[in-house]
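Next come the chains, spelled out residue by residue.
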Amino acid sequence: MANEKVKLHGFWVSPFANRVKWALKLKGIEYEYMEEDVWNKSNLLIQLNPVYKKVPVLVHNGKVILESFLILEYIDETWNQNPLLLPQDPSQRALTRFWAKFAEEKIFEAAFNALCSHGDEQKKAVQLTMEAMEKIEGELKGKQQFFGGESIGYLDIILGWISYMLPVFEEVGSVQILDPVKFPATIAWSNRFLNHPVIKDTLPPKEKMLVYFQERRHIISCANLGWIKF
Amino acid sequence: MDNESVITSILKPEHQIPIPKPLKMEEENKVTLHRTWYSPFAKRVELALKLKGIAFQYVEEDLQNKSPLLLNYNPVYKKVPVLVHNGKPLAESLCIIEYIDETWKNNSPPLLPEDPYKRAKVRFWTAFIHHQLHETSFAVMTTCGEAQEKAIKELSEKLQVLEEGMKEFFPDGSPKISNDSMGILEITICSLFGAFEIQEQVLGIKIIDPEKTPLIFSLLTAINQVPLVKESAPPFDKTVATLKAFRERNLSSIKS
């Protein structure tokens, strides 16, 4: 496997691309990283991902794999050495995939809305995010170190953005979501995740993220208020 | 009477929640599908079970009046389908189908390919149909006027994308589908557009145009001829009537 060519097309702040980086590092897979500018898409990116024109894109020996969830499964199936990202047992695998899907649909979207909105709309988005996070908090109770057990697994990787990006959303949106009274298990997991040797050196700089998301909030707010037409 | 019998006899049948017991011999390996007959998502699981030759029981749920059992089994989404196997409930149709494929991996057909790259491609297009086409199709079905026109245009564009995507899977342009070659992709497209003729009758518009999307048209036609799909299709008139009522309900709730 050592001579296989692996290339990851990503964007520095994309939480989806970061998932793939973590998976590759956890498995000890050597890869080449290609930074894409998602606001000025290259012809190559559009060629690799004509349907969605997004990152991440994994290219392995010329084969193109899209969508972070699918790339993680591809990595786990192709390089099936330890650590295994998904559990072995089919019912545990089904539950893992279920929670990943739930978190992506209910937590990430709502949190991003909380980042970009104001007033009542923002309050509603915060409420929805927290309601969804309660379910994840429930799943974490009684777990060892991580969702994956003693080591980081698929669900930790999917939810990893909560540890380093959600606090940025909170700061930029001036909201509190990660309430330590409501989410003690999530916060404890988050700290363990951030301190994991594979994770801690792969995070985008916080100051840079703050600037980036402040701009995103501003642009999206203006668009919603009708000041800018896209 | 023991305490359990006393409690369950006091509660009305619709409020009784089964108290978990250790599985008896006959309950092990028991497979139950909680569904509604008209849910396309439940249809997917039904087809997967039937294709694999897995014996199972149906529990028909009333989504207007959800049973405590359903709420117990799927507290997160409170929806069908739910598959219960060995006493363990699982929700979300695509997660369930992968579970079925992994658990009964010696039953053919395989619902996903062996090869990881092929699996990724099948999952990609299955997810595209599930996320992109279902939502837009729902909008076409439940709106009228300008909103519907917009949804129809969006659906048409997305179907073109799917048409392109399917060329890789069916390069000669004429798919030959049998019980043995149905997989998660065929199941998913069937669940959404298998009844396209009924949808077209109710809406009075073309949804799957053989001239615009000849491959998708051929694929659906081939899938609808598969014996298990044919015998699992609910009665035509019942489906037309239900779909009409569903559309009317949604249109009047927009107007009110």
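Residues numbered from 1 in each chain as written. Chains lettered and ligands numbered in written order. Predicted model: local features only at pLDDT ≥ 70, side-chain atom pairs only at ≥ 80, totals over all residues. Heavy atoms only, no water.

- The name recorded for chain B in an unreviewed UniProt entry is glutathione transferase, from Corchorus olitorius.

- Chain A has the name glutathione transferase in an unreviewed UniProt entry, where Corchorus olitorius is given as its organism.
- In UniProt, chain A has this text filed under Subcellular location (unreviewed entry): "Cytoplasm, Cytosol".
- As recorded by UniProt, the Catalytic activity (unreviewed entry) comment attached to chain A reads in full: "RX + glutathione = an S-substituted glutathione + a halide anion + H(+)". (UniProt positions renumbered as here; feature names shortened; annotations may be inferred.)

1. Re the overall build of chain B
For step 1, the next point in the chain: Along its length, chain B carries 11 helices and 4 strands.
For step 2, the next point in the chain: For chain B, the exposed area adds up to about 13400 Å²; of that, 55% sits on carbon and sulfur atoms. (Helix = DSSP H or I, 4+ residues; strand = E, 2+ residues; numbered from the N terminus. Areas by Shrake-Rupley, 256 points an atom, 1.4 Å probe, with all protein chains shown as cover.)

2. A word on the UniProt feature "domain: GST N-terminal" (unreviewed entry) in chain A
For step 1, the next point in the chain: Feature annotation in UniProt assigns "domain: GST N-terminal" (unreviewed entry) to the following positions: residues 4-83 of chain A.
For step 2, the next point in the chain: Across residues 4-83 of chain A, helical content stands at 36% and strand content at 21%; the span's end C-alpha atoms are separated by 19 Å.

3. Section: the interface of chain B and chain A
Buried accessible area, meaning the area lost when the parts come together, often serves as the stated size of an interface.
For step 1, the next point in the chain: Facing 23 residues of chain B, the contacting portion of chain A comprises 25 residues.
For step 2, the next point in the chain: Summed over both partners, the interface of chain B with chain A comes to about 2200 Å²; 69% of that surface belongs to carbon and sulfur atoms.
For step 3, the next point in the chain: If you look at where chain B meets chain A, you find 7 salt bridges.
For step 4, the next point in the chain: Where chain B touches chain A, the interface holds 8 residue pairs in polar contact (both at pLDDT 80 or more).
For step 5, the next point in the chain: Every element with two or more residues in the side of chain B that touches chain A is listed here: β4 (88-91), α4 (93-103) and α5 (116-142) of chain B.
For step 6, the next point in the chain: Among the elements that make up the side of chain B that touches chain A, the one with the highest residue count is α5(B) (11 residues). (Contact = heavy atoms within 4.5 Å. Buried area = accessible area lost by both parts, 1.4 Å probe. Salt bridge = Lys/Arg side-chain N within 4 Å of Asp/Glu carboxyl O. Polar contact = N/O pair within 3.5 Å; in protein donor to acceptor, adjacent residues only side chain to side chain.)

4. Some remarks on the pairing of strand β3 (residues 82-85) of chain B
Residue and element names in this part refer to chain B.
For step 1, the next point in the chain: On β3, burial covers both faces: Val82 and Val84 on one face and Leu83 and His85 on the other are all buried.
For step 2, the next point in the chain: Where strand β1 (residues 31-35) lies against β3, 4 bridges are found, and the strand directions are antiparallel. Residue pairing for β3: His34 is matched across the bridge by Val82.
For step 3, the next point in the chain: Bridge count for β3 against β4 is 4 bridges, and the pairing is antiparallel. Its bridge partner being in β4, Leu83 is matched across the sheet by Leu90.
For step 4, the next point in the chain: Linking β3 back to β4 in an antiparallel pair, the connection comprises 2 residues, with Asn86 at a positive phi of about 55°. (Buried < 20%, exposed > 50% of the residue type's maximum accessible area, 1.4 Å probe, protein only. Pairing = 2+ DSSP bridges.)

5. Here's the deal with the sheet that holds strand β1 (residues 6-10) of chain A
Residue and element names in this part refer to chain A.
For step 1, the next point in the chain: Read from one edge of the open sheet, 4 strands run β2-β1-β3-β4, paired in mixed fashion. Edge positions in the sheet fall to β2 (32-35) and β4 (63-66), since each has one partner strand and no second. Taking each pair of neighbouring strands and ignoring which way they run, the sheet shows an average axis angle of 20°.
For step 2, the next point in the chain: The pairing of β1 with β2 spans 4 bridges and is classified as parallel. What sits directly across from His9, in β2, is Met34.
For step 3, the next point in the chain: Strands β3 (57-60) and β4 of the sheet are contacted by helix α3 (residues 68-78), whose axis makes an angle of about 130° with β4. (Axes fitted to C-alpha atoms, helices over the stretch in contact; angles between N-to-C directions.)

6. So, the environment of A:Ile29
Residue and element names in this part refer to chain A.
For step 1, the next point in the chain: Its place among the elements puts Ile29 in the loop between α1 (15-26) and β2.
For step 2, the next point in the chain: Each C-alpha atom of the pair Ile29 and Ser14 lies 20 Å from the other, and the pair is 15 residues apart in sequence.
For step 3, the next point in the chain: The residues touching Ile29, leaving out its near neighbours within four places in the chain, are Val6, Leu24, Ile75 and Trp79.

7. What to know about the pattern of salt bridges
For step 1, the next point in the chain: One pass over the full model with this rule turns up 25 salt bridges over all chains.
For step 2, the next point in the chain: For A:Lys141, the salt bridge identified is with A:Glu137, shortest N-O distance 3.1 Å.
For step 3, the next point in the chain: A salt bridge links B:Lys167 to B:Glu164; the shortest N-O distance between them is 2.7 Å.
For step 4, the next point in the chain: Residue class for B:Lys167 comes out partly exposed when judged on its relative accessible area of 40%.
For step 5, the next point in the chain: When salt bridges with common partners are traced through the structure, they connect A:Glu73, A:Glu77, A:Arg93, A:Arg97, B:Glu98, B:Glu102, B:Arg119 and B:Arg123 into a single cluster.

8. A closer look at the packing of aromatic side chains
Aromatic rings in a pair are described by how distant their centres are and how their planes are angled relative to each other.
All names here are of chain B.
For step 1, the next point in the chain: Applying the stated criterion across every chain yields a total of 30 aromatic pairs over all chains.
For step 2, the next point in the chain: With a centroid separation of 5.3 Å and an interplanar angle of 65°, the aromatic rings of Trp125 and Phe128 are classed as edge-to-face. Here Trp125 pairs with Phe128, and both are found in helix α5, just 3 residues apart, close to one helical turn. The residues Trp125 and Phe128 share a single accessibility class, namely buried. (Phe/Tyr/Trp six-rings, centres within 6.5 Å; stacked < 30°, edge-to-face > 60°.)

9. Section: the sheet that holds strand β2 (residues 57-60) of chain B
All names here are of chain B.
For step 1, the next point in the chain: Within the open sheet, the 4 strands sit side by side as β2-β1-β3-β4. Their pairing is mixed. At either end of the open sheet lies a strand with only one pairing partner, and these are β2 and β4. With strand direction ignored, the average angle separating the axes of adjacent strands in the sheet is 25°.
For step 2, the next point in the chain: Running at roughly 155° to β1, helix α2 (residues 40-51) makes contact with β1, β2 and β3 of the sheet.

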